[in-house]
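# Notes for the structure review
Listed below are the residues making up each chain.
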Amino acid sequence: MRVGIDIEFQIQGQWKTDLLIAFALEGESFDDACHFSQGVAPWLTIAPAWRDFKGKKDERTMLYGPPAMDINRAMVLGLGKEKDLELEDIRFSFAKAVKACQDMGLENVGVDTVSMNRIALKLGLKKEEMAKELALAAKLALYTYTPFKKKNEEATKINKIFFLLDDDFCDDELKKAIRFVEAETCGIYLARDLANAPSNAMTPKLFADEAEKVAGYHNFKITILKKEEIEAENMHSYLAVAKGSYEEPHFVVLEYRPHTIEKDVKPIALVGKGITFDTGGICLKPAAGMEEMKGDMSGAAAVLGTFETLGRLGMLGIFPNRPIIGIMPLCENMPSGRSIKPGDVVFAKNGKSVEIINTDAEGRLILADALTYAEEKFDPEYLLDIATLTGACAVALGEGAAGVFCTKSDLAHKIHKRSNELFERTWLLPLWKHLGKELKSNVADVKNCGSRYGGSLTAALFLKEFVSDDRTWVHVDMAAADNADNAINPKGATGFGVRMLTDFSFLN
Ligand code: BES
Ligand code: MN
Ligand code: ZN
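First, a word on scope: everything that follows refers to the structure included in this document. (Residues numbered from 1 in each chain as written. Chains lettered and ligands numbered in written order. Predicted model: local features only at pLDDT ≥ 70, side-chain atom pairs only at ≥ 80, totals over all residues. Heavy atoms only, no water.)

The next point concerns the overall build of the protein. Counting its secondary structure elements, the protein contains 14 helices and 20 strands. Taken over the C-alpha trace, the protein has a radius of gyration of 25 Å; the compact-globule value for 508 residues is 23 Å, and the two agree within 12%. Along the longest, intermediate and shortest principal axes, the C-alpha atoms of the protein span 80 × 50 × 45 Å. Residues counted as buried form 56% of the 508 residues belonging to the protein. A separation threshold of at least 6 residues defines the contact pool for the protein, and within that pool the share at least 24 residues apart is 78%. Total accessible area on the protein is roughly 21100 Å²; 50% of this is exposed by carbon and sulfur atoms. Between the mean site of the 62 positive side-chain charges and the mean site of the 74 negative ones, the protein shows a separation of 2 Å. (Helix = DSSP H or I, 4+ residues; strand = E, 2+ residues; numbered from the N terminus. Rg over C-alpha atoms; globule rule 2.2 N^0.38 Å. Buried < 20%, exposed > 50% of the residue type's maximum accessible area, 1.4 Å probe, protein only. Contact = heavy atoms within 4.5 Å. Areas by Shrake-Rupley, 256 points an atom, 1.4 Å probe, with all protein chains shown as cover. Lys, Arg positive; Asp, Glu negative; His and termini not counted. Charge placed at Lys NZ, Arg CZ, Asp CG, Glu CD.)

Set out below in structure tokens:
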């Protein structure tokens, strides 16, 4: 398991770091920005760089003091005008700063929490809330995916981030917040690793092996259904997708039942799309960009990442209010002599017949059976699925956002609010009944896709065919949120969903 960068605290009088980071708004002076640091770095007041520093957004200045001092380097991050101040900008500014320190070859950085807290107050945030976001931004920014690179290309040099405190003790809230973020990071790193792995190194079997490791480490119950067992469960919609591939499908079920929860409490079920590679099948995708379809298991990765985070939170004595079930249908979508073909009809687990119009609309076919399985076996209080389901979702919302569909409007709004607070951008989309006619089939109960219009909406309506009417169900289409290339997210998988699903796991 990857540990990454440690986050530690230094109490007043013990500050020692390769570089001190402070924050300044536009037009602020040394006294405003990092007056407190003067105690350990008296040279700061007279450092010449102050003369030209304006504190503009994205401005950054380096200040150097005598090498013999415990703190002899500082970096001040300009945050722009107070009225434009936003936490998201601060996260990115900090991530970029930490990366710059990494490029300089430094081994650690320290945050002047007095300077940090001053900015937090202006945003109406508690110290620990701000610290949490900074720590996460730094950790996510320093993520690298290197298993296939020569060893000496391993980039990470920074191994510690210090929070430099103005007290002679570290308060519990701050400590708790940081430990929480560390648990989140473990899950996000795992999800990124899973999705960044090429499909030949992340087959359904290898993904299931990873799930077994997580289960073993945290003592979760795990069940892995192979082809015969999937057949015995009548999951023919799922099998229809899997059968074109040489790789066998693996259906992974994780169960987390904390000892703190009574037996009859209904669980929360999290279902993640696990297409380890999506060629489109017989309706083959074009070659350009097809390599990105190694990430078509990002939904399953988000679910497994969430379990890793929940396990880590358990070690801290933080438990969800309900048992959490994770369901990951895994397979490849390949063209072959055994593949399903357009026009074929299959019977899904819930008995409905499905006419397969487009073999590239495969995610919904595997999720259909996984949703039925979740309902039949676990009768969950909340049923959520997360999937890289439709390119149309990217067309609708642009890069970096997920579409959220939900059968209950109060829950929908709660998820929308919370996920955006956690910097997992979501937007609510409708489950409009009148579009259901798009899925009418001449030969079967339903067909697997409609017209080009409202592609994400009809995909969601297709899934709804496999969810009971009275079930509280959430569908997250993360097709546009699984990849990024920015300061907090080195090019590649995002690990999107781990924060949101972790938060969702704490519903009552
Ligand atoms: N995995 C894709 C969706 C996708 C596209 C994810 C781009 C990430 C980036 C999904 O299986 C798919 O192919 N969907 C089709 C559906 C269509 C055939 C109805 C799509 O979006 O084109
Ligand atoms: Mn597809
Ligand atoms: Zn797909």
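Next comes the rest of the account.
Our next topic: the coordination of the zinc ion (ligand 3). Within the protein, the atoms that donate to the zinc ion (ligand 3) are Lys273 (NZ), Asp278 (OD), Asp296 (OD) and Glu362 (OE), at distances of 2.0 to 2.4 Å. Site description for the zinc ion (ligand 3): donor spacing in sequence, K-x4-D-x17-D-x65-E. Distance-wise, the manganese ion (ligand 2) is placed 3.1 Å from the zinc ion (ligand 3), both being coordinated by Asp278. Here the residue Asp278 occupies a position in strand β10 (residues 274–278), and Glu362 occupies one in the loop between β13 (353–355) and α10 (363–378), the gap between them amounting to 84 residues. For Asp278, a relative accessible area of 3% gives the class buried. (Donors = N, O, S within 2.8 Å, 3.2 Å for Na, K, Ca; no water.)

The subject of this paragraph is the site of ligand 1. Lining the immediate environment of ligand 1, one finds 16 residues, of which Lys285, Asp296, Asp360, Glu362 and Gly391 sit closest. Contacts to ligand 1 include Glu362, whose side-chain N or O atom sits 2.8 Å from an oxygen atom. Contact between ligand 1 and Thr388: a nitrogen atom at 3.3 Å from a main-chain N or O atom of the residue. Contact with the protein chains removes 76% of the 520 Å² of surface that ligand 1 exposes when unbound. Among the residues forming the shell around ligand 1, the class breakdown is 5 nonpolar, 4 polar and 7 charged. (Near = heavy atom within 4 Å. Polar contact = N/O pair within 3.5 Å; in protein donor to acceptor, adjacent residues only side chain to side chain. Nonpolar A, V, L, I, M, F, W, Y, C, P; charged D, E, K, R; others polar.)

Moving on, we come to helix α13 (residues 455–464). Burial of α13 is extensive: 9 of the 10 residues sit out of reach of the surface. Taken together, the buried positions of α13 are occupied by Gly455, Ser456, Leu457, Thr458, Ala459, Ala460, Leu461, Phe462 and Leu463.

Donor atoms from the polypeptide that coordinate the manganese ion (ligand 2) comprise Asp278 (OD), Asp360 (O), Asp360 (OD) and Glu362 (OE), at 2.1 to 2.2 Å from the metal. Given 6 donor atoms and angles of 70 to 168 degrees at the metal, the environment of the manganese ion (ligand 2) is assigned as irregular. Donor residues for the manganese ion (ligand 2) sit on one chain with the sequence pattern D-x81-D-x1-E. (Tetrahedral: all angles 85-135°; square planar, octahedral: opposite > 155°, others 65-115°.)

For the rest of this paragraph, the subject is helix α12 (residues 409–421). Along its 13 residues, α12 runs 18 Å from first to last C-alpha, staying within 8% of the 18 Å computed at 1.5 Å per residue. Buried residues along α12 sit in contact with β14 (382–387), β15 (402–406), β16 (426–428), β18 (472–477) and α14 (498–504). Backbone geometry just downstream of α12 places Phe423 in the positive-phi region, at approximately 60 degrees. (Expected span 1.5 Å × (residues − 1).)

Per the stated rule, a full pass over the model turns up 35 salt bridges. One salt bridge in this structure joins Glu182 and Arg179, with 2.8 Å as the shortest N-O distance. Of this pair, Glu182 and Arg179 both sit in helix α5 (residues 172–196), 3 residues apart, which is roughly one turn of that helix. Between Lys352 and Glu465 there is a salt bridge; the shortest N-O distance is 2.7 Å. Here Lys352, found in the loop between β12 (345–347) and β13, pairs with Glu465, found in the loop between α13 and β18; they are 113 residues apart in sequence, far enough to count as distant. Residue classification places Glu465 among the partly exposed positions, given a relative accessible area of 32%. One connected set of salt bridges, linked through shared partners, spans Arg91, Glu133, Glu184 and Arg499. (Salt bridge = Lys/Arg side-chain N within 4 Å of Asp/Glu carboxyl O.)

The strand order across the open sheet built from 6 strands is β1-β6-β5-β2-β4-β3, with neighbouring strands paired in mixed fashion. Each edge of the open sheet is held by one strand with a lone partner, namely β1 (6–10) and β3 (60–64). In this sheet, adjacent strand axes meet at a mean angle of 25 degrees when their direction is disregarded. Relative to strand β6 (residues 160–164), β1 is paired through 5 bridges, and the arrangement is parallel. Pairing of Glu8 across the sheet is with Phe162, part of β6. (Pairing = 2+ DSSP bridges. Axes fitted to C-alpha atoms, helices over the stretch in contact; angles between N-to-C directions.)

Below, the discussion takes up the pairing of strand β5 (residues 108–112). Counting buried residues along β5, 5 of its 5 residues qualify, which places the element largely inside the surrounding structure. Burial of β5 is two-sided: the residues Asn108, Gly110 and Asp112 facing one way and the residues Val109 and Val111 facing the other way are all buried. Sheet topology places strand β2 (residues 20–24) next to β5; 2 bridges connect them, and they run parallel. Along β5, the bridge assignment pairs Leu20 with Gly110.

Pairing in this open sheet of 3 strands is mixed, and the strands run β12-β13-β17 from one edge to the other. Looking at strand neighbours, the two that pair on one side only are β12 and β17 (446–447), the edges of this open sheet. Bridge count between β13 and β17: 2 bridges; the pairing is parallel. For Glu355, the partnering residue across the bridge sits in β17 and is Lys447.

Further remarks concern the packing of helix α2 (residues 87–104) against helix α4 (residues 127–141). Closest axis-to-axis distance for the α2/α4 pair is 8 Å, and the angle between their directions is 45 degrees. Viewed along their axes, α2 and α4 adopt a mutual orientation that is oblique. Every pair of crossing elements has a handedness; the one defined by α2 and α4 is right-handed. Contacts from Leu87, Ile90, Arg91, Phe94, Ala95, Val98 and Lys99 of α2 reach α4 at Met130, Glu133, Leu134, Leu136, Ala137, Ala138 and Ala141. A breakdown of the residues in the contact of α2 with α4 according to their chemical character gives 11 nonpolar, no polar and 3 charged. (Parallel < 35°, antiparallel > 145°, perpendicular 65-115°, else oblique. Left-handed = near helix turned anticlockwise from the far one by under 90°.)

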